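Geometric and topological summary
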Amino acid sequence: MIDTDERPAMTPAAANPSDIVSAWFIAFEDALTARDIERAAGLFAATSYWRDLVAFSWNLTTVENPSGVSDLLAAALDGTGPSAFQITEPAESVGGVTTAWFEFETAVGRGRGLVRLIDEDGPKAWTLLTTLHELKGHEEPLRERRPKGAEHGARRDRITWLERRRAEEDSLGLDVQPYVLVIGGGQGGIALGARLRQLGVPALVIDKHPRPGDQWRNRYKSLCLHDPVWYDHLPYVKFPENWPVFAPKDKIGDWLESYVKVMEVPYWSSTVATRAAFDEASGTWTVDLVRDGTALTLHPTQLVFATGMSGKPNLPAFPGQDVFRGEQQHSSQHSGPDAYTGKRVVVIGSNNSAFDICGALWENGADVTMVQRSSTHIVKSDTLMDIGLGDLYSERALAAGMTTEKADLVFASLPYRIMHTFQIPLYERMKERDADFYDRLTAAGFDLDWGDDGSGLFLKYLRRGSGYYIDVGAAELVADGDVKLAKGDVDHLTEDAVVLKDGTVLPADLVVYATGYGSMNGWVADLISEEVADRVGRCWGLGSDTTKDPGPWEGEQRNMWKPTRQPNLWFHGGNLHQSRHYSLYLALQLKARHAGLDTPVYALQEVHHRS
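Every value quoted in this text rests on a predicted model; they were computed, and no experiment measured them. (Residues numbered from 1 in each chain as written. Predicted model: local features only at pLDDT ≥ 70, side-chain atom pairs only at ≥ 80, totals over all residues. Heavy atoms only, no water.)

So, the environment of Val 346
- Tracing the chain through its elements places Val 346 in strand β16 (residues 344-348).
- Classification of Val 346 by relative accessible area gives buried; the value is 0%.
- Between the C-alpha atom of Val 346 and that of Asp 367, which follows or precedes it by 21 residues, the distance is 8.5 Å.
- When neighbours within four sequence positions are excluded, Val 346 is seen to be in contact with Thr 369, Val 371, Val 498, Leu 506, Pro 507, Ala 508, Leu 510, Val 511 and Val 512. (Helix = DSSP H or I, 4+ residues; strand = E, 2+ residues; numbered from the N terminus. Buried < 20%, exposed > 50% of the residue type's maximum accessible area, 1.4 Å probe, protein only. Contact = heavy atoms within 4.5 Å.)

And the structure:
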């Protein structure tokens with residue numbers, strides 16, 4: 001996962017790595033205790049990165065270089081009270097970098113982290129990750145703190161678990177207001193709901209579908225996870241060891257439904273939020289809902305949009321859409337290929353959904369044409385699993401002692417600013433391994449790319465959330481010509497065709513717009529107001545100044561899992577990995593506020609882009 005060939009020089013190899021790291025932490029903690037910010041910052045390399053997930057900043061933030069460290073500590077040190085830094089397992093030195101896992105405490109919590117030291121006139125921190133793991137006095141009821149469940153002894157007023165659960169369900173939203181209302185009951189909302197329940201935060205997850213998991217069941221029938229099982233566990237309950245590597249959508253749907261029951265997530269299905277407004281004076285929201293056809297109003301303190309990493313579907317407007325006599329669907333509305341055997345289908349787009357839909361339509365005997373409007377990054381699934389994820393999320397990683405929890409922290413410890421330098425060598429290897437495949441795709445006329453800087457799929461995902469396909473077979477259909485390829489922008493539709501700007505006519509009975517989604521703050525505009533959506537600004541992206549990710553540099557995902565410019569409004573989304581990992585930090589921020597802890601936010605999100 002990490003290529004150290006170009007990393008800075010490290011301390012002499014003869015030194016014991018654990019002694020090096022322990023000495024660094026002694027010096028770091030001594031400077032922090034003395035409130036000597038200059039001395040603490042001097043323990044960081046001239047080019048260095050400190051990523052903090054809530055522990056110091058009550059935010060998700062990355063500071064750079066000693067000057068950034070000084071700024072963070074000047075703002076947060078007195079209120080944090082860090083102490084008790086110690087490594088938790090032997091440190092390792094590889095390729096000039098000494099790496100160590102550690103734990104620490106703050107005034108209100110306990111944390112974990114990962115440090116990488118280099119030699120720059122002595123050991124200096126090159127990267128530092130600090131994460132809040134739990135709040136003192138508000139620990140989750142895990143392991144030795146787990147509830148007993150059964151109450152031994154004889155009592156006339158005994159209340160069973162089922163009676164208690166039913167009473168809780170009956171009172172929530174009526175006699176008891178949720179402190180947190182989570183809008184969206186997919187994997188993100190469910191994971192957050194489970195975290196909040198374990199932390200004792202009154203919360204409610206709502207979703208428009210009749211059952212948990214319908215978000216997956218209702219998609220096109222060939223949909224399956226493109227990420228492997230080791231990457232996709234939910235909090236607390238991992239997939240069984242016989243779970244398929246790539247789970248089909250309906251199996252995922254059933255798992256999510258079971259998870260809601262097992263984890264006792266307060267969950268209202270068939271519920272739609274219709275309006276929300278924030279009362280500055282009381283610090284609470286008024287949210288109007290329709291549940292199973294009945295209107296009601298809730299008054300949560302915190303409002304979380306867990307509607308995925310994407311916003312509303314981007315449905316393009318072309319002349320002639322009103323005269324086209326066939327069907328038109330956004331990819332999110334496409335249920336599958338069964339009704340289109342023998343039909344002519346034009347799919348506008350060339351990313352994940354477009355390929356999946358084209359492949360399923362071809363398998364069911366449709367005449368399929370893909371319209372590529374811009375270049376796409378493609379990587380074969382097996383190659384991505386081996387080279388891209390295998391060191392962290394695989395059976396071989398588990399055998400080497402890389403647990404899911406450790407893998408998540410390793411991933412989190414790589415600063416976004418330099419993540420591309422780790423990724424580029426991996427994708428060069430992928431390009432070399434599958435050179436014949438890429439040659440055939442190019443020969444078929446398909447426009448390939450590897451990201452603006454050659455860093456491949458994951459950076460494209462983080463920067464723009466689009467522009468790629470993990471190939472599970474459909475790209476071979478394009479390379480072989482079984483799925484026809486057309487290139488260029490759409491000019492207009494006729495009664496029975498899509499016409500491109502170069503005059504190409506594509507006869508069609510069905511047009512599928514696999515044209516992606518907008519920013520999550522589009523949901524805010526609909527539910528709350530345009531003013532609040534603009535106050536929050538765009539969600540997702542790093543400010544990398546690459547295609548569809550305009551600068552300036554943000555340092556973290558815009559507005560995700562952290563405080564926003566609208567008080568008490570939060571965003572939670574992403575893939576299963578991000579839903580699992582970042583739900584912890586969002587839940588801890590919400591718990592701290594529910595418990596009345598002081599939560600001064602360092603470096604509140606700036607707003608540079610409104611949509």
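Here's the deal with the pairing of strand β19 (residues 468-471)
- Burial along β19 is two-sided: Tyr 468 and Ile 470 facing one way and Tyr 469 and Asp 471 facing the other are all buried.
- The sheet contact formed by strand β18 (residues 377-380) and β19 spans 4 bridges and is parallel. Looking at the pairing, Ile 378 lines up with Tyr 469 of β19. (Pairing = 2+ DSSP bridges.)

Considering the pattern of salt bridges
- One pass over the structure, following the stated rule, counts 43 salt bridges.
- A salt bridge links Arg 396 to Asp 391; the shortest N-O distance between them is 2.9 Å.
- A relative accessible area of 42% means that Arg 396 is categorised as partly exposed.
- The class for Asp 391 is partly exposed, based on a relative accessible area of 38%.
- Glu 554 is paired through a salt bridge with Arg 558; the nearest N and O atoms lie 3.0 Å apart. You'll find Glu 554 and Arg 558 in the same group, each marked buried. (Salt bridge = Lys/Arg side-chain N within 4 Å of Asp/Glu carboxyl O.)

Overview of the state of the cysteines
- In this structure the tally under the stated criterion is 0 disulfides.
- The closest cysteine sulfur to the non-disulfide-bonded Cys 358 is located on Cys 224, 16 Å from its own sulfur.
- Overall, the relative accessible area of 1% leaves Cys 358 in the buried class. (Disulfide = S-S within 2.5 Å.)

Some words on the packing of aromatic side chains
- All chains considered together, the criterion is met by 35 aromatic pairs.
- Cluster of aromatic residues (ring-pair linked, three or more members): Tyr 231, Tyr 393, Phe 411, Phe 458, Tyr 461, Tyr 468, Trp 540, Trp 561, Tyr 582 and Tyr 585.
- When the ring centre of Tyr 236 is taken as origin, the NZ or CZ atom of Arg 195, which lies over that ring, is 5.5 Å away.
- Taking the ring centre of Trp 243 as reference, the NZ or CZ of Lys 251 above it sits at 4.5 Å. (Phe/Tyr/Trp six-rings, centres within 6.5 Å; stacked < 30°, edge-to-face > 60°. Lys NZ or Arg CZ within 6 Å of the ring centre and 35° of its normal.)

Considerations on the side chain of Arg 165
- Within the secondary structure, Arg 165 sits in helix α4 (residues 161-171).
- Exposure remark for Arg 165: the relative accessible area of 11% places this residue in the buried category.
- When sequence neighbours within four positions are dropped, the list of residues in contact with Arg 165 reads Arg 197 and Glu 264.

Some remarks on the sheet that holds strand β13 (residues 294-298)
- Sheet architecture is open: 3 strands sit in the order β11-β12-β13, paired in antiparallel fashion. In this open sheet, the two strands that pair with only one neighbour each are β11 (271-279) and β13. When strand polarity is set aside, the average angle formed by the axes of neighbouring strands in this sheet is 15 degrees.
- Here strand β12 (residues 284-291) runs beside β13; their pairing, made up of 5 bridges, is antiparallel. (Axes fitted to C-alpha atoms, helices over the stretch in contact; angles between N-to-C directions.)

Focus on the environment of Thr 376
- Summarising the element assignment, Thr 376 is placed in the loop between β17 (367-372) and β18.
- Measuring from C-alpha to C-alpha, the distance between Thr 376 and Leu 448 comes to 5.1 Å, with 72 residues separating the pair along the chain.
- If we ignore the near neighbours within four places in the chain, the residues touching Thr 376 are Ser 350, Asn 351, Phe 446, Asp 447, Leu 448, Asp 449, Gly 467, Tyr 468 and Tyr 469.

What to know about the sheet that holds strand β22 (residues 497-500)
- Taking strand neighbours across the sheet as the criterion, the 3 strands line up as β21-β22-β23 in an open arrangement whose pairing is antiparallel. Strands with a single pairing partner mark the edges of an open sheet, and in this sheet they are β21 (490-493) and β23 (505-507). Ignoring strand direction, the axes of neighbouring strands in this sheet form an average angle of 25 degrees.
- Pairing of β21 with β22 involves 3 bridges; the strand directions are antiparallel. Looking at β22, one finds that His 492 is bridged to Val 499.

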